[in-house]
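Commentary on secondary and tertiary structure
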Amino acid sequence: MIELNEQIISRQQREEKAAASFSVSRPWYLCWEIYALLLVTVGLRFIRLDTTQFDTDQAKLFGLAYEAIHNGQLPATGILSSIRILNPPAILYMMMIPAAFGANPFGAALFIALFNVAAVLLCYFFVRCYYGRFPATIAALLFATAARAVYYSRFSWQQNLLPFFLMLFLIVLFQGVVRRRSGWFAPALILIAWMAQLHSTGAMLLAMLALAVVLAWKTLRWWDILLGIVVSLLLYAPFFYWEYSSHLYDLHAYLDFQKKYTWEDTSQFTYYYYTLGLSPYASFMNDIPPVGSRLLPHWHWLTKIKYLLLLCEIGGMVVALGKALLIRVPVEKGLAPLQQVWRWCVSYYTTLCKDPYRCGLLLLLAWQLVPLFALRRQSLPIYPHYFIVFFPGQYLFIALLFTWVVEWLKRWQGWETFGRGAIVAISILLVVMQGAGSSLMILDFVRGRIYADVDVTLQQVIRQAEQLALKQHIKRIYVLFNVKTEDTMRVLTYQSHIPVTLVSTSCLMLPGSPDERAVLVVPPLHRNTEALATQFGHGQHQGDVARLRGEPFHLYTVQGNASTTSTQAGFQQHLQAEESVMQKLKTNATVFVSRWRFTRNAPTQWRTTYIYSFVAKGPGGKQQGVQCTVSNAAPGDELLAPMQFKQWHTSQIEVQAKYTVRAPRTIALGSLTLLTDTFVESPKSRLLTDKGKDWLTLSLQK
């Protein structure tokens, strides 16, 4: 009876100790640090967000979500990954929220920034709840000012949402493992399923879930497990149906890609990319400020902050490992050695599971260590954004180390005040230096020093083209695109109230009659296209549109030409031949310009392009080709397909043309249409002349 009472008293003491660790003396809204944290977090994530990166991935994410909203479709896949595997559609479900409010892709960047602000606040409240106000303030401020965390908060990308859901995942796990409440397994499994859809590194968190089950298996309920599995499968149901209908397309793509790589020791890159999260500066692949940055002259000593943070983090993890695993367990005597070891292990496990504090530390350690070791050997290349899954664990261990140092100094009379002051001073220094580095990083990005192919300021190009068209009463806009800007320009034109035709930079389109005019948007460094517009389309330069990085875009007004006669009729039901010329452009380039009139309608459809491939054959069998891609065309519109040659001394050239349509692939599921980021191309058809031949002889205009 006495022994039982002692067990009850000891259990009550443990529960009281755990409850005391959860309590906080002052309400959060009366604490000054929450307002300082909000100011810093919002400032670094929203200031000049209008210059956010808007590359192909960002355009596809928002464009597919916008398409799904306006067509009443359900996304079955996300966008294509770098290894040509389709991601699951979770990010598109989330992007449909800002897409529902309008066609401006800036809303997607705002959406991502808001979720990352919420992630910082969740970090504060989580650490405050379980470890106290002091470490919560340090961890949240370090997370708020970390350059790489700020960098990934300022543009739309699927893995940039991971920190928010990671904090929710931690909160759910601690509810079960530390607070010993039931009902945590289902939301934890659902969150892992969701994060794995955002990025495959989210699946590594299954190790944390497995550890949580081992530590808190008594809190599990069968209905909780069943609910988690069912909801997780439902989240993947559209993606699984895509795999079924495509005959495991992504599995075959993954296996084909793996054949090109062998298992490599990627530990060097793993540790390097992991330390990038502690750097006071961030760009896409490294942490070195670019030429012209105000930070560059001081970078040699500023990098020491990264190593100081790394040292503090390692120290925090070592101390946490000791606090979690160093348990004194009495050894029972008088037993066989094997039985003695077994009894000791059972006693050790039982003691560990009864201590919520130790269990919580083990979860945090598993979060940082298991994925880090898993990334050391990969069959695929790794990139810095794979390490978003560790945020904000690094800063949490640094904050815990500082807290433990202060607690340790309490044992030494007179050192507590000095120690706390020193820790506070070091914390302020780290936060200020990180904030300064992040601020200068944003400044470099705004001034165009950090490389990015495309940014959202390109929407000014479309807006100014639209304003020019309205001012001059023009009813059509031609936008030239290349491989890097096709998706970006397509999505940006969703905002235009004037019909827009996308044309590949290899060709040029003109209105159908001399009475029609159009605005032409020419990207930088396409002098031949500008010369074609001037010499064949009566082009007049109307101004330039500056952008953050690189040369400006150019705005022209072009005018249609009167139809000319030709000795050949053209290609049946597609193109009518006009007079072609061998022309020396103002850029001194000599080109053969084949001119055509569309004879059929090519309507505007979502992500659909019409592709004409031309091959010209001159004397001696010399051949040259060009591919013209347009998003729409009306009968009578003129298409110029230039091919660069040396001067040919001939009066006739033979031309062959092929035609194909590239359209998005959708999947019918009853009355529901599933959207994917794949395309279907119609078979390339060789166009025939009125006489049934596939080569058309064109006479060159003298």
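Rules behind the numbers
- Residues numbered from 1 in each chain as written.
- Predicted model: local features only at pLDDT ≥ 70, side-chain atom pairs only at ≥ 80, totals over all residues.
- Heavy atoms only, no water.
- Helix = DSSP H or I, 4+ residues; strand = E, 2+ residues; numbered from the N terminus.
- Buried < 20%, exposed > 50% of the residue type's maximum accessible area, 1.4 Å probe, protein only.
- Contact = heavy atoms within 4.5 Å.
- UniProt positions renumbered as here; feature names shortened; annotations may be inferred.
- Pairing = 2+ DSSP bridges.
- 1 Å grid on protein atoms, 1.4 Å probe; cavity = no way out; pocket = protein on both sides within 12 Å on 5 of 7 lines; lining within 4 Å.
- Points joined across faces, edges and corners; volume = space filled by probe spheres on them.
- Nonpolar A, V, L, I, M, F, W, Y, C, P; charged D, E, K, R; others polar.
- Phe/Tyr/Trp six-rings, centres within 6.5 Å; stacked < 30°, edge-to-face > 60°.
- Patch = residues over 30% accessible without salt bridge, like charges linked within 9 Å, V, L, I, M, F, W, Y side chains within 5 Å.
- Areas by Shrake-Rupley, 256 points an atom, 1.4 Å probe, with all protein chains shown as cover.
- Salt bridge = Lys/Arg side-chain N within 4 Å of Asp/Glu carboxyl O.
- Expected span 1.5 Å × (residues − 1).
- Axes fitted to C-alpha atoms, helices over the stretch in contact; angles between N-to-C directions.
- Left-handed = near helix turned anticlockwise from the far one by under 90°.
- Polar contact = N/O pair within 3.5 Å; in protein donor to acceptor, adjacent residues only side chain to side chain.
- Domains from an automatic or database assignment.
- Buried area = accessible area lost by both parts, 1.4 Å probe.
- Disulfide = S-S within 2.5 Å.

**Observations regarding the overall build of the protein chain**
Counting its regular elements, the protein chain contains 21 helices and 20 strands. Here the C-alpha coordinates of the protein chain stretch approximately 115 × 55 × 45 Å along the principal axes. Burial analysis of the protein chain (702 residues in total) assigns 54% to the buried set. Counting only contacts in the protein chain whose residues sit at least 6 apart along the sequence, the fraction spanning at least 24 positions is 75%.

**Quick word on the UniProt feature "domain: Glycosyltransferase RgtA/B/C/D-like" (unreviewed entry) in the protein chain**
Here, UniProt's "domain: Glycosyltransferase RgtA/B/C/D-like" (unreviewed entry) annotation points to residues 88–242. Here residues 88–242 runs as 74% helix and 0% strand, with 10 Å between its end C-alpha atoms.

**Focus: the pairing of strand β12 (residues 580–584)**
Two strands pair when backbone bridges link them, and β12 and strand β20 (residues 696–701) are joined in this way by two bridges, in the parallel orientation. Its bridge partner being in β20, S580 is matched across the sheet by L700.

**Quick look at empty space enclosed by the protein**
Here the structure, examined in full by the defined rule, presents three cavities of 30 Å³ or more. The space that makes up the largest cavity amounts to roughly 110 Å³. In this structure, the largest cavity is lined by T51, T52, Q53, Y151, R154, F155, M441, I442 and F445. The element contributing the most residues to the lining of the largest cavity is helix α18 (residues 415–446), with three residues. A per-class count over the lining of the largest cavity returns five nonpolar, three polar and one charged. Roughly 90 Å³ of volume is contained in the second largest cavity. Every residue along the wall of the second largest cavity is listed here: A59, K60, G63, L64, D487, R490, V491, Y494, R607, D677 and F679. Elements represented by at least two residues in the lining of the second largest cavity include exactly α3 (56–71), α20 (486–492) and β18 (672–681). Residue contributions to the lining of the second largest cavity peak at four residues, all from α3. Looking at the lining of the second largest cavity residue by residue, the class counts come to five nonpolar, one polar and five charged.

**Here we look at the packing of aromatic side chains**
This model, assessed by the stated rule, comprises 41 aromatic pairs. Relative to F115, the ring of F111 lies with its centre 4.8 Å away and its plane at 55 degrees, an arrangement referred to as tilted. You can see F111 and its partner F115 sitting in helix α5 (residues 106–131), four residues apart, about one turn around the helix. Both residues of the pair, F111 and F115, belong to the buried class. Between F126 and Y130, the ring centres sit 5.3 Å apart and the planes meet at 50 degrees, which makes this aromatic pair tilted.

**Thoughts on a nonpolar patch on the surface**
Together, W28, Y29, L30, Y35, L38 and V42 line one region of the surface with nonpolar side chains, adding up to about 590 Å² of accessible area. Relative to the assigned elements, Y35 resides in helix α2 (residues 32–46). Residue Y35 is classed as partly exposed on the basis of its relative accessible area of 47%.

**Section: the pattern of salt bridges**
Under the defined criterion, the tally for this structure stands at 17 salt bridges. In this structure, K60 and D677 form a salt bridge, with 3.6 Å as the shortest nitrogen-oxygen distance. With K60 in helix α3 and D677 in strand β18, this pair connects stretches of sequence that are 617 residues apart. Grouping residues by exposure puts K60 and D677 together as buried. Each of E578, R595, R597 and E638 takes part in salt bridges that share partners, so that together they form one network.

**What about helix α9 (residues 185–198)?**
Helix length check: α9, at 14 residues, gives a terminal C-alpha distance of 20 Å against a target of 20 Å (1.5 Å per residue), a fit within 8%. With twelve of 14 residues buried, α9 is to be regarded as a mostly interior element. Listed as buried for α9 are F185, A186, A188, L189, L191, I192, A193, W194, M195, A196, Q197 and L198.

**A short note on the packing of helix α6 (residues 133–145) against helix α17 (residues 393–409)**
Their axes nearest at 8 Å, the elements α6 and α17 cross at an angle of 145 degrees. Crossing of α6 over α17 shows right-handed handedness. Between α6, through F134, P135, I138, A139, L142 and F143, and α17, the contact on the second element is made entirely by Y395, L396, I398, A399, F402, T403 and V406. Taken together, the residues of the contact of α6 with α17 break down into twelve nonpolar, one polar and no charged.

**Overview of the environment of T501**
Within the secondary structure layout, T501 lies in strand β5 (residues 500–504). A sequence separation of 96 residues divides T501 from R597, and the C-alpha atoms of the two residues are 16 Å apart. Residues within four places of T501 in sequence aside, it is in contact with R476, I477, Y478, V479, M509, S631 and N632. There is a polar contact of 2.6 Å between the side chain of T501 and the side chain of N632.

**Points about the domain arrangement of the protein chain**
Split by domain assignment, the protein chain resolves into domain 1 (49–447) and domain 2 (456–699). Domain 1 and domain 2 are separated by 46 Å when their C-alpha centres are compared. Opposite the 36 residues of domain 1 that make contact, domain 2 presents 27 residues. Together, the buried faces of domain 1 and domain 2 total about 2,800 Å²; carbon and sulfur atoms form 64% of this surface.

**Some words on the state of the cysteines**
Taken as a whole and assessed by the stated rule, the structure comprises one disulfide. One disulfide bridge connects C507 with C628, the sulfur atoms lying 1.8 Å from each other. Between C507 and C628 the sulfur-sulfur dihedral comes to about -75 degrees; the bridge is accordingly left-handed. You can see C507 sitting in the loop between β5 and β6 (508–510) and its partner C628 sitting in strand β15 (residues 623–630), a full 121 residues away along the chain. The cysteine C129 is free of any disulfide, with C123 supplying the nearest cysteine sulfur at 13 Å. The thiol of C353 is unpaired, and the distance to the nearest cysteine sulfur, on C359, comes to 5.5 Å.

**Details of unusual backbone geometry**
Cis rather than trans, the peptide bond between F391 and P392 has omega equal to -5 degrees. Mapped onto the secondary structure, P392 falls in the loop between β3 (377–378) and α17. Of note, H473 is a non-glycine position whose phi angle comes to about 60 degrees, a positive value. Within the fold, H473 resides in the loop between α19 (459–471) and β4 (477–481). Of note, the phi angle at Q573 is positive, near 60 degrees, even though the residue is not glycine. Summarising the element assignment, Q573 is placed in the loop between β10 (570–571) and β11 (575–577).

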